Amino acid sequence: MGKTQLGARVDDEIAELARARAKDRGLSLGDYIASLVRDDADGMRRRGLDAARRFLDEHQALFDEAEPAPPRSPGAHAA
């Protein structure tokens, strides 16, 4: 996978903190920042899925009422 260089301006205190945390984890600064972005994105995905689950839990009955039951074939049995 290719790499892209990014630039950002942060306070000196934040820069030093980021360098120290990266070092503590045995990561380069770039890898540390990438891990923070990945963790944030994964958390957003999880929160989105949780919100969708809550929505369906609250409103599933409306969807069930709006959709007709699938037709059953005579003599069909579940395996």
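Structure: above.
Residues numbered from 1 in each chain as written. Predicted model: local features only at pLDDT ≥ 70, side-chain atom pairs only at ≥ 80, totals over all residues. Heavy atoms only, no water.

1. Details of the overall build of the protein
Move 1: Along the protein, the regular secondary structure elements total two helices and zero strands.
Move 2: Seen along its three principal axes, the alpha-carbon backbone of the protein occupies a region of about 70 × 30 × 25 Å.
Move 3: The buried share among the 79 residues of the protein stands at 8%.
Move 4: Carbon and sulfur atoms form 55% of the exposed surface of the protein, whose accessible area is close to 7700 Å².
Move 5: For the protein, the distance from the average position of its 13 positive side-chain charges to the average position of its 15 negative side-chain charges is 6 Å. (Helix = DSSP H or I, 4+ residues; strand = E, 2+ residues; numbered from the N terminus. Buried < 20%, exposed > 50% of the residue type's maximum accessible area, 1.4 Å probe, protein only. Areas by Shrake-Rupley, 256 points an atom, 1.4 Å probe, with all protein chains shown as cover. Lys, Arg positive; Asp, Glu negative; His and termini not counted. Charge placed at Lys NZ, Arg CZ, Asp CG, Glu CD.)

2. Thoughts on the pattern of salt bridges
Move 1: Within this structure, the stated rule accounts for four salt bridges.
Move 2: For E16, the salt bridge goes to R19, with nearest N and O atoms at 2.9 Å. One end of the pair, E16, and the other, R19, are both in helix α1 (residues 12–24), three residues apart, so they sit about a helical turn from each other.
Move 3: The partner of R53 in a salt bridge is D57, and the shortest N-O contact between them spans 3.6 Å. Of this pair, R53 and D57 both sit in helix α2 (residues 29–66), separated by four residues, roughly a single helical turn. (Salt bridge = Lys/Arg side-chain N within 4 Å of Asp/Glu carboxyl O.)

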